[in-house]
Each structure stands twice: as C-alpha cells, then as structure tokens.
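Here's the letter readout for the chains.
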Amino acid sequence: MSDANSENDVLGPPCLKKIKIVEQNENGVDGIQLELKDFIPVKILNNNTNRKTVCIQGTFKDKTGVALVLLEKNAFKEEDLDAKGYFSEDTKLRTFFQNDIYGNFECFPRSEINGVKTTIIYPATDKHIAKFSQQEVHIVLETAELYEKLTLPHIEKEQFNLQWVYNILEGKSEQDRVIYDNKCEREGFVLLPDLKWDGLTRETLYLLAIVRQRGIKSLRDLNEIHLPLLKRVRDEGKKTIFSKYKVPGSQLRVYIHYQPSFYHLHIHFTYLRHEAPGIYAEKSHLLDTVIDNIEMMGNYYKKATLPFTIREMDTIFNVYETNGHVERIKIDK
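Residues numbered from 1 in each chain as written. Predicted model: local features only at pLDDT ≥ 70, side-chain atom pairs only at ≥ 80, totals over all residues. Heavy atoms only, no water.

Participant: Tell me about the pairing of strand β8 (residues 116-121), and name the residues and values.
Facilitator: The buried fraction of β8 amounts to six of the six residues, a majority that puts the element mostly inside the structure. Because side chains alternate across β8, one face comprises the buried residues Val116, Thr118 and Ile120, and the other comprises Lys117, Thr119 and Ile121, equally buried. Pairing of strand β5 (residues 67-73) with β8 involves six bridges; the strand directions are antiparallel. Within β8, the residue paired with Leu68 across the bridge is Ile121. (Buried < 20%, exposed > 50% of the residue type's maximum accessible area, 1.4 Å probe, protein only. Helix = DSSP H or I, 4+ residues; strand = E, 2+ residues; numbered from the N terminus. Pairing = 2+ DSSP bridges.)

In structure tokens:
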C-alpha cells in the first residue's frame, strides 16, 4: 500500500471519514456507524490498476468479524471541468518533469471533487472474500443437463443470503435510494442505483432493477410467463432513467448476468459510454435478446447451453473440477 501520509493528502475529503452502513441482525436492520480510521488493513485482495479499484480485507477496532473495504477512483464529471472545479485557484500541481512543450504533473484538486467511492462489507463471509479476490478465471459451457446435475444443487446449497434484497423490496432499507417502485407483486420491480455507482455521475450511470416476484433465481428460470414482467422492467426502467438522468433508451445497455452475483432476478441498466464490469459476452445477456429468444421458444433458457465464468476460489469451481469439466491452473515455481 502507498505511504499513509501521501494517501491522506490525496484522498482527504470529509465524506470518507464516517460511513453509515446497514447491518442485519436477529431483530431486523440496524444502522451502525463505522470510521475508516478504525479499520485495520490485513490483506489486499485485489488491486485492479485498469479500473482503479482496490479491495482490502481487515477488521474494525473493537468489533468482531472480517470487513472488506472497496475503494474506487471516481470518473470525471463534466460539470467539474471548469474554473470552479479542476481549474480553480485551489488546484495544486506537483511537477514531475518539463521538457520543451511537454510537461508531466500530478494534480491535487480541492477535496470536494476528489472523493473516492467507498463500499464496506461488514461482517464479510468467506464467499465475499472469494468474490473480491484476484484469481484465475475459467469459462464453463453449461448445458441444460449440467445445470440440473451440478449448478442447481450448488445454488440451492451455497447461494448468498437474500435478506438484503427482501429488505429493499419490503421498504425496510435503502428507500432513500429508490428512484422508481412498481408495487405489483407479479410484474413490479424496484429501480435503484447499483452499489458500484455513486448515484450522481451521469458518465458512469449504473442502476439495478430488482423484481418483486420471488422464486426467479436466474436466466434459467425465465419462460413465456415472464414476458410481461421483462417488458415492463425494460420499458418503465428506460422511461424513468430518461426522465431523471436524461439518458435516452438508445444509450442504455440493459442486460441480465449469468451467473448472477445473487439468485433473485435483477436487471442491469448502464450507460453505453461506461464500460461497467460484467458487460462482456461470457456473462452479459441483453434483455431485448432474452425477450426475443423466449418469444421464439418459450422454454429457450431451460434448454440452451449457456456460458459463464467461474474463479478458482468459487465453491462451484470445485464442483465442476471434481466432475472433470474444468482444470485448475498449475503455476510453475
């Protein structure tokens, strides 16, 4: 990790000093106050220099359990590229070198526009640690038979707890973040900013639609019965995003992940200009294509061979490895 003093010089906005997160306990949802000065780093799980993100495993003073802190450099907001933002009198430059017409500097804007998006997962489970760790990735071509024999039993045994999803749907948490709520139990959904988005920067727009209907685990469960739901999410989601953020539907990437990060149907809305994680062919299925496939064949996703990626620390990797469908990378020492 970088020197602590130099890091504080760059990362010092007040918004990082105290962070209120939601913790689930036996009595329901409680808000707890955490301070980053109380975080004790233990291990860097993943330092992605391309996406400018880092995940650190550690603990909080006087608290039990493992915590994960995810830091991500924010995208530039176009409204800050003026004399009141990056080019204000408060902006400082540190010179690296100057040679003829070329100069190389490090820029220190005022702290209000220099924040770092921060996510805290506490208490974190072994599944969270595996999810955010840097590791080898493999593609599996999952047939309908492999889904029934290997994937489905694993999902039913090992999936993440969905209580945080139900808290949102039942109005118990994150209600200040919800931008649209269709309360129909069969075709309704909640639309809110994804955790990977700050909810403000248009250039990195990323929203999540979580359907109200329970029991739809993933793409595999979708059939012709769900077409009205899928079309409603697509149409009302696009309309709401245009109304609030002025991004037209033709500039939205609307898709479903397979495998998803949690097994309750949710649909992603991202700005086409933003290269969000998980948008590539081995994971992302455009919603319009999903609808079209189901209209051609009602049980398409029950029969189709679907690709998905697994990482070597994922427990499902062990299932596919044991059954001879994938092989762990051996590193020569």
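Participant: Please set out the environment of Lys61 residue by residue, giving values where relevant.
Facilitator: The topology assignment puts Lys61 in the loop between β4 (53-60) and β5. Lys61 gets classed as partly exposed once you look at its relative accessible area, which sits at 44%. Once residues lying within four places of it in the same chain are set aside, the contact partners of Lys61 are Lys37, Asp38 and Ile40. (Contact = heavy atoms within 4.5 Å.)

Participant: Tell me about the packing of helix α5 (residues 227-245) against helix α6 (residues 287-296), and please be specific about residues and values.
Facilitator: As a packed pair, α5 and α6 sit with axes 10 Å apart at the nearest point and diverge in direction by 155°. Of the possible angle classes, the one that applies to α5 and α6 is roughly antiparallel. In this structure, the crossing between α5 and α6 has a hand that is left-handed. When α5 is examined against α6, the residues Leu227, Leu230, Lys231, Arg234 and Lys238 are found in contact with a partner set consisting of Leu287, Asp288, Val290, Ile291, Ile294 and Glu295. Taken together, the residues of the contact of α5 with α6 sort by class into six nonpolar, no polar and five charged. (Axes fitted to C-alpha atoms, helices over the stretch in contact; angles between N-to-C directions. Parallel < 35°, antiparallel > 145°, perpendicular 65-115°, else oblique. Left-handed = near helix turned anticlockwise from the far one by under 90°. Nonpolar A, V, L, I, M, F, W, Y, C, P; charged D, E, K, R; others polar.)

Participant: Break down the pattern of salt bridges for me, with residues and values.
Facilitator: This model, assessed by the stated rule, comprises 22 salt bridges. Between Asp314 and Arg311 there is a salt bridge whose closest N-O contact spans 3.9 Å. When sorted by exposure, Asp314 lands in the same class as Arg311, which is buried. Each of Glu35, Lys37 and Asp38 takes part in salt bridges that share partners, so that together they form one network. (Salt bridge = Lys/Arg side-chain N within 4 Å of Asp/Glu carboxyl O.)

Participant: Could you give an account of the environment of Val247, naming the residues involved and the relevant values?
Facilitator: Tracing the backbone through its elements, the reader meets Val247 in the loop between α5 and β13 (252-257). Judged by its relative accessible area of 0%, Val247 falls in the buried class. Taking the C-alpha atoms as reference points, Val247 and Arg202, separated by 45 residues in sequence, lie 8.3 Å from one another.

Participant: Account for the packing of helix α3 (residues 144-158) against helix α8 (residues 315-322), with residues named and values stated.
Facilitator: Packed helix pairs are specified by the crossing angle of their axes together with the interaxial distance, meaning the distance between the axes. Running from N to C, α3 and α8 cross one another at 150°; their axes reach a closest spacing of 10 Å. Judged by the angle between their axes, α3 and α8 are roughly antiparallel. As α3 runs across α8, the sense of the crossing is right-handed. Residue-level inspection shows Leu146, Leu150, Thr151, His154 and Glu158 of α3 in contact with α8, the latter providing Thr315, Ile316, Val319 and Tyr320. Of the residues contributing to the contact of α3 with α8, the split by class is five nonpolar, three polar and one charged.

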